Amino acid sequence: MSRSAHPAGPRHADVFPEGHYSAPPADLNALHPKVWAHTVTRNTDGVLTVGGVDVAALAEEHGTPAYILDEADFRERARAWRTAFGADADVFYAGKAFLSRAVVRWLHEEGLNLDVCSGGELATALSAGMPADRIAFHGNNKSVEEIHRAIDAGVGRIVLDSFQEIVRVAHVAQSLGKRQRVQIRITVGVEAHTHEFIATAHEDQKFGIPLAGGQAAEAVRRALQLDGLELIGLHSHIGSQIFDMSGFEVAAHRVVGLLKDIRDEHGVELPEIDLGGGLGIAYTSDDDPREPHEIAKALTEIVTRECEGARLRTPRISVEPGRAIVGPTAFTLYEVGTIKPLDGLRTYVSVDGGMSDNIRTALYDAEYSVALVSRTSDAAPMLARVVGKHCESGDIVVKDAFLPSDLAPGDLIAVTATGAYCRSMASNYNHVLRPPVVAVREGESRVIVRRETEEDLLRLDVG
Ligand SMILES: *Cc1c(COP(=O)(O)O)cnc(C)c1O
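Residues numbered from 1 in each chain as written. Predicted model: local features only at pLDDT ≥ 70, side-chain atom pairs only at ≥ 80, totals over all residues. Heavy atoms only, no water.

### So, the overall build of the protein
For step 1, the next point in the chain: A tally of regular secondary structure across the protein gives 12 helices and 23 strands.
For step 2, the next point in the chain: In terms of C-alpha radius of gyration, the protein reaches 24 Å, essentially the compact-globule figure of 23 Å for 463 residues.
For step 3, the next point in the chain: Dimensions of the protein, computed from the C-alpha atoms along their principal axes, are close to 75 × 45 × 45 Å.
For step 4, the next point in the chain: Per-residue burial for the protein yields a buried fraction of 54% across its 463 residues.
For step 5, the next point in the chain: Total accessible area on the protein is roughly 20,000 Å²; 49% of this is exposed by carbon and sulfur atoms.
For step 6, the next point in the chain: The positive charge centre, built from 47 side chains, and the negative charge centre, built from 66, are 4 Å apart in the protein. (Helix = DSSP H or I, 4+ residues; strand = E, 2+ residues; numbered from the N terminus. Rg over C-alpha atoms; globule rule 2.2 N^0.38 Å. Buried < 20%, exposed > 50% of the residue type's maximum accessible area, 1.4 Å probe, protein only. Areas by Shrake-Rupley, 256 points an atom, 1.4 Å probe, with all protein chains shown as cover. Lys, Arg positive; Asp, Glu negative; His and termini not counted. Charge placed at Lys NZ, Arg CZ, Asp CG, Glu CD.)

### Some thoughts on helix α9 (residues 292-309)
For step 1, the next point in the chain: Between its terminal C-alpha atoms α9 stretches 26 Å, which fits the 26 Å expected from 18 residues at 1.5 Å a residue.
For step 2, the next point in the chain: Among the residues of α9, those classed as buried are Pro292, Ile295, Ala296, Ala298, Leu299, Ile302, Val303, Glu306 and Cys307.
For step 3, the next point in the chain: On its buried face, α9 sits against α2 (71-85), α8 (246-266), β14 (272-274) and β15 (316-319).
For step 4, the next point in the chain: Phi for Arg311, located one or two positions after α9, is positive at around 50°. (Expected span 1.5 Å × (residues − 1). Contact = heavy atoms within 4.5 Å.)

### A look at the sheet that holds strand β1 (residues 41-42)
For step 1, the next point in the chain: Strand order in the open sheet formed by three strands is β1-β2-β3, and the pairing between neighbours is antiparallel. The open sheet has two edge strands, β1 and β3 (53-54), and neither has a second partner.
For step 2, the next point in the chain: Note that β1 and strand β2 (residues 48-50) share two bridges and pair antiparallel. If you follow Arg42 over to β2, its bridge partner there is Leu48. (Pairing = 2+ DSSP bridges.)

### Quick word on the confidence of the model for the protein
Atom-level detail of predicted coordinates should not be read off regions where pLDDT is low.
For step 1, the next point in the chain: In this model, the protein carries an average pLDDT of 94, and 95% of its residues clear a pLDDT of 70 or more.
For step 2, the next point in the chain: Within the protein, no element has a lower average pLDDT than strand β11 (residues 197-198), which sits at 73, and none a higher one than strand β4 (residues 66-70), at 99.
For step 3, the next point in the chain: Every residue in residues 1-13 is under pLDDT 50, and counting partners more than four places away or in other chains gives 17 contacts. (pLDDT = per-residue confidence, 0-100.)

### Remarks on the pairing of strand β9 (residues 180-187)
For step 1, the next point in the chain: With respect to burial, β9 is a largely interior element, seven of its eight residues being buried.
For step 2, the next point in the chain: Alignment of strand β8 (residues 157-160) against β9, held across three bridges, turns out to be parallel. When the bridges of β9 are listed, Ile158 appears paired with Val182.
For step 3, the next point in the chain: With helix α6 (residues 163-175) bridging β8 and the parallel β9, this β-α-β connection has right-handed handedness. (Right-handed = clockwise from strand over helix to strand, strands pointing away.)

### Topic: the site of the ligand
For step 1, the next point in the chain: Neighbouring the ligand are 14 residues; Lys96, Ser240, Gly278, Glu320 and Tyr421 lie closest to it.
For step 2, the next point in the chain: The backbone of Gly278 places a nitrogen or oxygen atom 2.8 Å from an oxygen atom of the ligand.
For step 3, the next point in the chain: For the ligand, whose accessible area on its own is 390 Å², the fraction buried by protein is 93%.
For step 4, the next point in the chain: Its residues assigned to classes, the shell around the ligand comprises three nonpolar, seven polar and four charged. (Near = heavy atom within 4 Å. Polar contact = N/O pair within 3.5 Å; in protein donor to acceptor, adjacent residues only side chain to side chain. Nonpolar A, V, L, I, M, F, W, Y, C, P; charged D, E, K, R; others polar.)

### Quick look at the side chain of Asp456
For step 1, the next point in the chain: You can see Asp456 is positioned in helix α12 (residues 454-460).
For step 2, the next point in the chain: Judged by relative accessible area, Asp456 falls into the buried class, the value being 13%.
For step 3, the next point in the chain: For Asp456, the side chain forms a polar contact with the main-chain nitrogen of Thr453, separated by 2.9 Å.
For step 4, the next point in the chain: Those residues in contact with Asp456, other than ones at most four positions away along the chain, are Arg450 and Arg451.

This is the structure:
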């Protein structure tokens, strides 16, 4: 971005430089319900509260930055997905979005299953008591050791992602005297994005076995021949942060097409189909996500219609939402450190975290909403950029945001909808310590993942 495009000069209060943002909201103190966890509100002093606990008390007790997670909201969203899909379908929470033992217990209690994609995620799930048969194991390069652990533990399914893996999983299962339930992940040539989908040329990626050129059909042939495998179905995952159902429609059409070919060639009707995850959430008030019951209805209708067309029994459907369950349930609480107004441009607001606790802005150009939460303010809006404390100019948390122009060091601000892919992607860049995850519920707060300490850092450094 070139500075010269915005020559420095006196800034008019109501003129802002160009950028990806809409006009300042009418009321900077308002909390848009779409982007905040369900129990979030402001108390009579104007301080944001969540789960009945105010953020000043949370900052006092747990420090900043911290991820604050609304447990009731998490459970409610998990339950809404479970209820929407009913007894004839399975909901697997995608653990990579955010996984901890408390989360595993909540999921277990709410009747959800769990996707893992590494030995570490598997260990977390098992150690928190998730029954192995409710775990699905994913990944494009599972090690033989991971496969061994998964089969030995008795995971409900392994999603096969390559020809090598078909053979590896079969061998390991046989060596353990088991027959492993598996699905084959196929690449249907559809990639869905937030507001569109593209139905060509997206087989150029590392996941899955392409439908094109008969590769997926060949994978099915091989899997059906191996004694160590029980092929229970096909799997497709088309993308992330999706609002438009048409990508799922094309994917389901193609997956069911292969189910039909399998029936015609082998005389077997595979009993399951997994349509993956990827359902979008509201990061800003412009985003308009669908409710789980609408998604369940749409997906069930699509699969049923396709199967009727192909004269197949409708298979048991499973889905794998990650972001849609945990994303909206948490926000990151930061303390404002320094404030730099750049004339004619914007004001840089530095917080006590940054790209180490939220890499998504740098990685995907993600958009977020942010608010002053330790008080309300009637000051005019200023165009701000919320940045971190790292040695990187791309260390941006919120690229364009309006905050009150009386913002001051020591104020608390919250970046919302950071429940998914923030703590799980957190790093130690600059030896910054990873923030805790604090669950709040009914007036109580509880650390579910503690803050990293310098001792933790030094323990790994054994030179
Ligand atoms: C990442 C992933 C998901 C979850 O995606 P969300 O966008 O968090 O819903 C589900 N299934 C598979 C196979 C994935 O890789």
